[in-house]
Structures are given as structure tokens and as C-alpha cells.
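Letter by letter, the chains look like this.
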Amino acid sequence: MHEGVQCVGEHETLRTASQMMSDLGVGALPICGEDDQLKGIITDRDIVVRCCAAGKDIDRTTAGELARGLVWVDADADLDEALFRMEKHHVKRLPVIEEHRLVGIISESDLAKELPDTKLAEFVHRVYALD
């Protein structure tokens, strides 16, 4: 898990989100509300496909407008639970929540470091498989 993760505010523009991604060297950011609660995740692909390619203005569209159904795991969950949620929902990044607050994100690169090759291959197959 990556700890100390930074959020983009739900009312921040996609330009701000993309600049944060560039500065942090990441391809996704959690979206947090004014209440400091997790609202979703936005990826660089979301910005390109759901904003730029759709003809929306990157300086007017907010991160919150692109937030989708949220999938997360409790900080006390084991690795199998995290893998199950990622596979079930076909997500490559999974926010980790403790006491209603975001404490980190589990990413594919985290899994690549921790899983045996056969289990990693199975995970990749399931996450990228089409429903």
C-alpha cells in the first residue's frame, strides 16, 4: 500500500487534478470532499476520455463530476480481501480506509512486489477480463 496519499478536492478542476498527477508522478488520484471523506478516484484516462475527448472544458469540469461508484477496502482487511474487491470490480487501484479516512492506496505495482508470479498473473487476467 502507498501511504500518505494525496487527494484532489471534489470541486477542483481537472486541470488541477492533472497537474497534481504530473507533480506526484501518478496516474490516479483519490477525490475527497470538503468533509474529508473519499468520494471516488480519477485517472489520467478519465480526464482524457471523459473530458477532453468528450469536448468538455478541463478548466471548468471538476474532479467530482467524474467520480464514479466507489470501491475501497478497510485497513484491517487482508490481501485476499483486497484482491477479491479489485478483481470483482475490475479496478487497478484500491483506496484503503481507516476510521472513515483515506490512509493509502493499493496499486498493481504494490501487488507485483508482494504476490508470487502465478497469483499476480491470475489477478491481472481477472482484472483485465471483460464481463
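Residues numbered from 1 in each chain as written. Predicted model: local features only at pLDDT ≥ 70, side-chain atom pairs only at ≥ 80, totals over all residues. Heavy atoms only, no water.

A. Just the pairing of strand S4 (residues 38-43), in detail. The element S4 is largely enclosed, with a buried count of five among its six residues. Between strand S3 (residues 28-32) and S4, which pair antiparallel in sequence order, lie five residues; one of them, aspartate 36, sits at a positive phi of approximately 65°. (Buried < 20%, exposed > 50% of the residue type's maximum accessible area, 1.4 Å probe, protein only. Helix = DSSP H or I, 4+ residues; strand = E, 2+ residues; numbered from the N terminus. Pairing = 2+ DSSP bridges.)

B. Up close: the side chain of threonine 62. Of note, threonine 62 is situated in the loop between helix H2 (44-52) and helix H3 (63-66). Given a relative accessible area of 18%, threonine 62 falls into the buried group. For threonine 62, the contacting residues outside a window of four places in its chain are Glu10, His11, Glu12, Thr13 and Leu14. (Contact = heavy atoms within 4.5 Å.)

C. Quick peek at the pairing of strand S7 (residues 101-107). Counting buried positions along S7 gives five out of seven residues, so the element sits mostly inside the fold. Here strand S6 (residues 93-98) runs beside S7; their pairing, made up of six bridges, is antiparallel. The residue bridging arginine 93 from the neighbouring strand is serine 107, located in S7. From the end of S6 to the start of S7, which pair antiparallel, there are two residues, and glutamate 99 there has a positive phi angle of about 50°.

D. View of the sheet that holds strand S2 (residues 8-9). Read from one edge to the other, the open sheet built from three strands follows the order S2-S3-S4, with strand pairing classed as mixed. At either margin of the open sheet sits one strand with a lone partner, and together these are S2 and S4. Sheet topology places S2 next to S3; two bridges connect them, and they run parallel. Pairing of valine 8 across the sheet is with isoleucine 31, part of S3. Strands in contact with helix H1 (residues 14-24) are S2, S3 and S4; relative to S3, the strand with the most contacts, it is inclined by about 130°. (Axes fitted to C-alpha atoms, helices over the stretch in contact; angles between N-to-C directions.)

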